[in-house]
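Next come the chains, spelled out residue by residue.
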Amino acid sequence: MLRAMTIRPAGDHALLADLGDVTAHELHAAAQRVRALPGVVRCTPGHSSLYVIFDAAPDPDAVLRALAGEAAPFVGAHHTMHVHFAGEDLDAFLAHAKLSREEFLTRVRDVTLTARYLGFRAGFAYLDGWPWPMPRRATSRFVKRGSFAIAGEIAGFYPLDSPGGWNVLGQTNAPLRIEPGDTISLVPVDAPLPLAPESPQPRLSIEGVEIIAPLAVRTDRPFDEEAARLACEAVASDGPVLECAMVGPRLRFHAPRAVAWCDPALRLQTWSVSAGEEIAIGKIEGGLRGYASVGAAGALARRTDAKPA
């Protein structure tokens, strides 16, 4: 049973449950119980919280009852990661932890890490259980994908080339498909692990439209149902819609189409485009999510002065 928790609204269809001081196992056991509730669409763990999205009005009492119940066993997937420990911060770490390289390579085999939650970049798992804490670096620099790094008592693998201020101890070439609640074992290897060539991101196509950038989700269960409905109605589409966060999509059209975009303030733009044209929506203003819908050529129900890019 969880001893200290608070629940508060987080939107029309969501709640944020703060569980207080919980272990990773308690956090994911609680998430498992909440996901089993009727009407729950998604339950996303944070460091010590759960973001719970419902398909209708939230039910805080049901969430409270689920969290107050006995914890059912939770077992995530287990990953064995081969790591070449030769990172740029390894010597500084060994001095800080007062370990010889040989002692570290022996003892790290007994470490089991648990993915507490995902954040920072897509696919970056915050891993609990690192036994030799070390403060993060004072400044960030470029970090290669596959790098294994630590900050405080948390470890993680960088899934993409990106800036990073954690202490880089090594690198893996294993696929980084870690989900919250998974456990990880580390196996040191002597030789560098060559990275496979980075695969280009697959481009999603919908109704003769290519989504060039950034990533978008094609969904018939949008987070903002009103904005998605307005976009669909504008081009006489039954959905699904493209749901974008923070940045609207850049779209390339391979056939004549009608397209509508609705932003978080429910402002609607529509275009009638020809094959070969592109539209770039840009940064989303006034909120987080916007929605694009595509219909047949000539299907516009209303027009604006917006022009194709």
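Residues numbered from 1 in each chain as written. Predicted model: local features only at pLDDT ≥ 70, side-chain atom pairs only at ≥ 80, totals over all residues. Heavy atoms only, no water.

Here we take up the sheet that holds strand E17 (residues 241–245). With respect to topology, 5 strands assemble into an open sheet ordered E16-E17-E22-E19-E20, the strand pairing being antiparallel. The sheet is open, and its two borders are formed by strand E16 (217–219) and strand E20 (268–273), each paired with just one other strand. When the angles between neighbouring strand axes are averaged without regard to direction, this sheet yields 25°. Direction of pairing for E17 relative to strand E22 (residues 289–296): antiparallel, over a ladder of 4 bridges. Pairing of Ala-245 across the sheet is with Arg-289, part of E22. (Pairing = 2+ DSSP bridges. Helix = DSSP H or I, 4+ residues; strand = E, 2+ residues; numbered from the N terminus. Axes fitted to C-alpha atoms, helices over the stretch in contact; angles between N-to-C directions.)

Turning next to the pattern of salt bridges. Scanning all chains against the criterion turns up 12 salt bridges. We note a salt bridge from Arg-141 to Asp-89, for which the minimum N-O separation is 2.5 Å. With Arg-141 in strand E8 (residues 141–143) and Asp-89 in the loop between strand E5 (78–83) and helix H3 (90–97), this residue pair connects regions lying 52 residues apart in the sequence. We classify Asp-89 as buried; its relative accessible area is 8%. (Salt bridge = Lys/Arg side-chain N within 4 Å of Asp/Glu carboxyl O. Buried < 20%, exposed > 50% of the residue type's maximum accessible area, 1.4 Å probe, protein only.)

Once that is clear, we can look at the nonpolar core. Counting 26 residues, the largest nonpolar core has Phe-93, Phe-104, Trp-130, Phe-148 and Leu-186 as the members making the most contacts within it. Where this core is concerned, the elements lending two or more residues are E5, H3, strand E6 (112–118), strand E7 (125–128), strand E9 (147–151), strand E10 (154–157) and strand E13 (183–188). Take this core: its biggest share by element is 4 residues, from H3. Excluding residues within four positions of it along the chain, Phe-104 makes contact with Phe-85, Leu-90, Phe-93, Leu-94, Leu-99, Trp-130 and Trp-132. Counting 18 residues, the second-largest nonpolar core is a separate cluster that includes Ala-30, Ala-31, Ala-62 and Val-63. (Core = buried A, V, L, I, M, F, W, Y, C linked by side-chain atoms within 4.5 Å. Contact = heavy atoms within 4.5 Å.)

What follows covers the sheet that holds strand E4 (residues 49–54). With antiparallel pairing, the 4 strands of this open sheet are ordered in space as E1-E2-E4-E3. Both outer strands of the open sheet, strand E1 (6–9) and strand E3 (40–45), are each paired with one neighbouring strand and no more. On average, each strand axis in the sheet is tilted by 20° relative to the strand beside it, whichever way the strands run. Taken together, the 5 bridges between E3 and E4 define a ladder with antiparallel strand orientation. Residue pairing across strands places Cys-43 opposite Val-52, the latter belonging to E4. Against the sheet, helix H2 (residues 60–68) makes contact with E1, strand E2 (14–18) and E4, and its axis sits at roughly 155° relative to E1, the strand it touches most.

Another aspect to go through is the packing of aromatic side chains. Counting across every chain of the model gives 17 aromatic pairs. For the pair Phe-104 and Trp-130, a centre-to-centre distance of 6.3 Å together with 65° between the ring planes defines the contact as edge-to-face. Pair noted here: Phe-104 is in helix H4 (residues 101–107) and Trp-130 is in the loop between E7 and E8, with a separation of 26 residues, a long-range link. Among the residues examined, Phe-104 registers a relative accessible area of 1% and is labelled buried. Linked through ring pairs, Phe-85, Phe-93, Phe-104, Trp-130, Trp-132, Phe-148 and Phe-157 together constitute an aromatic cluster. (Phe/Tyr/Trp six-rings, centres within 6.5 Å; stacked < 30°, edge-to-face > 60°.)

All right, on to the packing of helix H1 (residues 24–35) against H2 then. One can describe the packing of H1 onto H2 by two numbers: an axis separation of 9 Å at closest approach and a directional angle of 135°. Viewed along their axes, H1 and H2 adopt a mutual orientation that is oblique. Read as a crossing pair, H1 and H2 show a hand that is right-handed. Where H1 approaches H2, its residues Ala-30, Arg-33 and Val-34 are matched on the opposing element by Val-63, Ala-66 and Leu-67. (Parallel < 35°, antiparallel > 145°, perpendicular 65-115°, else oblique. Left-handed = near helix turned anticlockwise from the far one by under 90°.)

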